[in-house]
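# Coordinates in review
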Amino acid sequence: MIKEARVYQPSLDLEEQAQGANISAPFTLVEGYLSLAQQQALWQESMDYPFNRPHIQIFGKQHAIPRSQVWFGDKGCDYRYSGLFIEALPWPKYAQRLQEKLAREWRLTSNGVLVNRYQDGQESMGWHSDDEPEIAPQSDIASVTLGASRDFLLRHKQTKQKISLSLHSGDLLLMHWPMQAYWQHCLPKRLGVKQTRVNYTFRQLTPHFHQC
Ligand SMILES: O=C(O)CCC(=O)C(=O)O
Ligand SMILES: [Fe+2]
């Protein structure tokens with residue numbers, strides 16, 4: 001069944017912001033953005049991605065990240081992430097088609113995509129903001145979900161206000177600038193989830209940031 005796209009766009013209420021209360025996060029959630037056929041083509045393609053599970057340093061100790069990932073992008077769009085240097089692999093066909101669709105329909109400019117694969121609900125991503133210096137100033141980030149439904153949490157850095165979203169296969173979450181400056185997000189463990197989820201986050205990097 002193809003769900004009709006439903007769009008949630010919380011408005012920014014400046015008076016509420018001034019009072020520091022109940023601040024709306026600048027995001028747009030488009031449920032059912034991808035058709036079933038588009039989801040299936042991407043899912044099939046993702047089976048051949050060269051996912052890996054790098055180790056990162058946390059408080060001086062090496063840990064494998066609790067998910068696997070791969071980074072695709074234009075030439076020169078390499079990414080430094082939690083102390084790792086990730087060179088961009090060339091765009092796969094359907095990931096690139098999705099990049100073009102986002103550019104056409106949402107004017108979302110991106111030159112790279114981080115793909116995260118969560119085997120089941122044991123795998124997760126901790127609280128963070130996508131605020132690495134190579135991310136182009138004032139750019140939006142688009143997140144597309146395939147496979148298992150998972151909760152996605154947002155937390156305001158100062159007020160600690162939390163917003164919980166449930167992301168389903170085919171959904172698009174646009175994280176608008178300046179969300180990364182004021183909010184963190186995470187994908188918590190959900191032990192009841194037995195299915196795999198694959199997530200694409202399309203980003204705009206400053207090209208050759210690490211070469212100059
Ligand atoms: O899997 C998700 O929905 C979150 C991914 C994410 O936050 C990231 O790649 O930075
Ligand atoms: Fe993120």
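Preceding this section is the structure that the text describes.
Here the structure is a predicted model, which is why all the values come from computation and not from measurement.

Conventions used here
- Residues numbered from 1 in each chain as written.
- Chains lettered and ligands numbered in written order.
- Predicted model: local features only at pLDDT ≥ 70, side-chain atom pairs only at ≥ 80, totals over all residues.
- Heavy atoms only, no water.
- Donors = N, O, S within 2.8 Å, 3.2 Å for Na, K, Ca; no water.
- Helix = DSSP H or I, 4+ residues; strand = E, 2+ residues; numbered from the N terminus.
- Buried < 20%, exposed > 50% of the residue type's maximum accessible area, 1.4 Å probe, protein only.
- Near = heavy atom within 4 Å.
- Polar contact = N/O pair within 3.5 Å; in protein donor to acceptor, adjacent residues only side chain to side chain.
- Areas by Shrake-Rupley, 256 points an atom, 1.4 Å probe, with all protein chains shown as cover.
- 1 Å grid on protein atoms, 1.4 Å probe; cavity = no way out; pocket = protein on both sides within 12 Å on 5 of 7 lines; lining within 4 Å.
- Sits in = over half its atoms within 2 Å of the grid points.
- Nonpolar A, V, L, I, M, F, W, Y, C, P; charged D, E, K, R; others polar.
- Pairing = 2+ DSSP bridges.
- Axes fitted to C-alpha atoms, helices over the stretch in contact; angles between N-to-C directions.
- Salt bridge = Lys/Arg side-chain N within 4 Å of Asp/Glu carboxyl O.

### A few points about the coordination of the iron ion (ligand 2)
- Looking at the iron ion (ligand 2), one finds its protein donor set to be His128 (NE2), Asp130 (OD) and His185 (NE2), positioned 2.1 to 2.3 Å from the metal centre.
- The sequence pattern formed by the donor residues of the iron ion (ligand 2) is H-x1-D-x54-H. Of this pair, His128 sits in strand β9 (residues 125-128) while His185 sits in strand β14 (residues 183-187), and the two are 57 residues apart along the sequence.
- His128 sits in the buried class, given a relative accessible area of 16%.

### Description of the site of ligand 1
- Around ligand 1, the surrounding shell holds 13 residues, and the nearest of these are Tyr118, Asp130, His185, Arg197 and Arg203.
- In the model, an oxygen atom of ligand 1 is placed 3.4 Å from a nitrogen or oxygen of the Thr201 side chain.
- Bound to the protein, ligand 1 loses 100% of the 290 Å² it would expose on its own.
- When each cavity is represented as a set of grid points, ligand 1 is found to reside in the largest cavity.
- If you list the elements that add at least two residues to the shell around ligand 1, you get β8 (112-118), β9, β14 and β15 (197-203).
- Of the residues assigned to the shell around ligand 1, the class counts are five nonpolar, five polar and three charged.

### Re the sheet that holds β9
- The four strands lie next to each other as β9-β14-β11-β12, forming an open sheet whose pairing is antiparallel. Among the strands making up the open sheet, the edge pair consists of β9 and β12 (162-167). The average angle at which neighbouring strand axes cross in this sheet is 15 degrees, direction not considered.
- Strand direction decides the pairing type here: β9 and β14, joined by two bridges, are antiparallel. Residue pairing across strands places His128 opposite His185, the latter belonging to β14.

### Details of the pattern of salt bridges
- Summed over all chains, the structure comprises four salt bridges.
- Residue Glu123 is joined to Arg53 by a salt bridge in which the shortest nitrogen-to-oxygen separation is 3.0 Å. Taken as a pair, Glu123 in the loop between β8 and β9 and Arg53 in the loop between α2 (36-46) and β3 (55-58) lie far apart in primary sequence, 70 residues in all.

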